[in-house]
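Descriptive analysis of the structure
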Amino acid sequence: MAEGPKVLLFGAGSVGAVYLYLLSKVSSTTAVCRSNYGIVKKDGFTINSSIFGKDIRFIPNVVRDCDEAKSLDTKPFDYIVICSKATPGTTPQIIAPAVTPGHTIIVLIQNGIGIEDEYTSAFPTNPLVSCVVYLPATQRPAGIIKHGEVERLEIGIYPSSAPAAPAKVFGQLITAAGATVEVHDDVQIKRWSKLLVNAAWNPICALTLCTDVNFMLSSEPATDLIFAIMLEVRDIAAAYGHDIPREEVEYQLGRAKDRIHNGVGVEPSMLQDVRGARRMEVEVIVGNVVRLGKKAHVKCERLEMLYLLAKALDSQLGRKNG
Ligand SMILES: NC(=O)C1=CN([C@@H]2O[C@H](COP(=O)(O)OP(=O)(O)OC[C@H]3O[C@@H](n4cnc5c(N)ncnc54)[C@H](OP(=O)(O)O)[C@@H]3O)[C@@H](O)[C@H]2O)C=CC1
Ligand SMILES: CC(C)(CO)C(=O)C(=O)O
């Protein structure tokens with residue numbers, strides 16, 4: 001295992017496995033695994049990536065929970081990198097045993113909006129680095145990761161008024177590992193730009209069981225509908241001072257349109273969750289946006305309908321899981 005900072009990766013799924021692989025090259029890593037614990041402990045992860053290479057196999061140091069991680073040795077974790085789904089009201093309590101106040105840098109690599117405050121409340125003396133992630137990836141079966149055409153992190157300290165050094169230092173670490181990183185003074189507008197993609201594609205694909213390309217091919221107005229939903233997100237962002245140019249909306253839609261000709265569809269994480277009968281990130285990807293929209297009196301009927309439909313679907317997934 002590499003020397004360097006001591007890193008705990010929480011949420012070793014599709015995205016987490018790729019960053020665990022990269023971070024393992026430049027730091028001493030441990031991963032908290034849940035359903036894939038047994039298979040990963042025995043056989044490790046295999047990553048097939050269009051960027052980092054095919055058939056990459058590595059066996060990480062894995063634990064079942066943060067108490068076990070903490071008990072491994074007395075040295076504090078320098079970083080906890082969180083790549084689980086963002087489910088409000090759960091993760092801070094779960095990671096608490098591995099967080100050393102005033103020392104451990106907490107890094108969120110997750111989609112959504114409004115995900116940071118519960119960490120700054122729970123850990124007021126720990127720096128928080130918020131990362132927007134572009135990395136289409138799936139895990140199927142457990143331990144086998146497929147990663148598509150892009151890998152990029154847009155990162156910033158949270159709140160943006162806090163000292164920026166932890167975000168810069170984490171950016172340098174993960175860049176040295178081979179990731180593509182942009183460090184921003186305020187990463188929130190980048191979160192909103194990414195949300196154009198997630199608030200539109202994730203619930204639509206989950207509800208229709210289509211990849212993004214299959215949805216666009218399903219009817220003539222389908223692509224226009226996605227654009228209209230993205231514009232609702234853009235308008236809500238603008239009401240909160242984040243001005244996203246129309247060209248950015250066109251660019252984000254264009255990333256999917258560019259793949260129509262070769263038929264390579266992306267399976268957004270919410271569609272993967274439906275297929276795996278797992279709960280979805282409805283609140284941070286759609287619910288928070290709708291609430292902000294309504295508070296600022298921004299018209300967002302399409303998003304509101306998507307929210308209610310996705311929430312109903314999620315409640316059924318919850319019921320199936322007991
Ligand atoms: N997949 C993608 O293409 C992309 C995803 N994202 C975002 O990245 C984040 C991660 O997504 P993704 O990798 O797809 O998610 P996955 O569901 O693939 O991975 C999440 C992992 O977290 C684990 N986990 C959750 N709770 C716990 C717990 N209490 N203890 C231990 N492990 C836990 C899950 O375990 P278990 O298997 O037991 O549930 C799972 O292995 C999300 O915010 C998503 O929106 C962003 C860009 C692309
Ligand atoms: C749509 C996608 C793959 C873009 O990276 C994503 O963010 C997700 O699956 O949640």
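Residues numbered from 1 in each chain as written. Chains lettered and ligands numbered in written order. Predicted model: local features only at pLDDT ≥ 70, side-chain atom pairs only at ≥ 80, totals over all residues. Heavy atoms only, no water.

The protein chain goes by 2-dehydropantoate 2-reductase in an unreviewed UniProt entry, where it is assigned to Amniculicola lignicola CBS 123094.

**Looking at the layout of surface pockets**
The space that makes up the second largest pocket amounts to roughly 460 Å³. What lines the second largest pocket is a set of 20 residues, and nearest its centre among them are Thr138, Lys146, His147, Gly148 and Gly265. Mapped by element, the contributors of at least two residues to the lining of the second largest pocket are β9 (137-139) and β10 (144-147). Here the lining of the second largest pocket is composed, by residue class, of six nonpolar, eight polar and six charged. Two domains share the lining of the second largest pocket, each providing at least three of its residues, namely domain 1 (6-185) and domain 2 (189-320). (1 Å grid on protein atoms, 1.4 Å probe; cavity = no way out; pocket = protein on both sides within 12 Å on 5 of 7 lines; lining within 4 Å. Points joined across faces, edges and corners; volume = space filled by probe spheres on them. Helix = DSSP H or I, 4+ residues; strand = E, 2+ residues; numbered from the N terminus. Nonpolar A, V, L, I, M, F, W, Y, C, P; charged D, E, K, R; others polar. Domains from an automatic or database assignment.)

**Considering the side chain of Asn198**
For Asn198, the position within the fold is in helix α7 (residues 188-208). Sequence-distant contacts of Asn198, that is, excluding residues within four places in its chain, are made with Asn111, Pro203 and Ile285. (Contact = heavy atoms within 4.5 Å.)

**What to know about the pairing of strand β4 (residues 53-58)**
Where strand β3 (residues 45-49) lies against β4, four bridges are found, and the strand directions are antiparallel. When the bridges of β4 are listed, Ile47 appears paired with Ile56. Linking β3 back to β4 in an antiparallel pair, the connection comprises three residues. (Pairing = 2+ DSSP bridges.)

**Concerning the domain arrangement of the protein chain**
Annotation of the protein chain at the domain level lists domain 1 (6-185) and domain 2 (189-320). Measuring from the centre of the C-alpha atoms in domain 1 to the corresponding centre in domain 2 gives 24 Å. Listed as interface residues are 26 residues of domain 1 and, on the opposing side, 22 residues of domain 2. When domain 1 packs against domain 2, close to 2,000 Å² is buried across both sides, 51% of that on carbon and sulfur atoms. For the interface between domain 1 and domain 2, the tally reads four salt bridges. Note that Glu116 and Arg191 form a salt bridge whose closest N and O atoms lie 3.1 Å from each other. Our count for the domain 1 to domain 2 interface comes out at 14 residue pairs in polar contact (both at pLDDT 80 or more). Top contributing element to the side of domain 1 that touches domain 2 by residue count: strand β8 (residues 128-134), with five residues. (Buried area = accessible area lost by both parts, 1.4 Å probe. Salt bridge = Lys/Arg side-chain N within 4 Å of Asp/Glu carboxyl O. Polar contact = N/O pair within 3.5 Å; in protein donor to acceptor, adjacent residues only side chain to side chain.)

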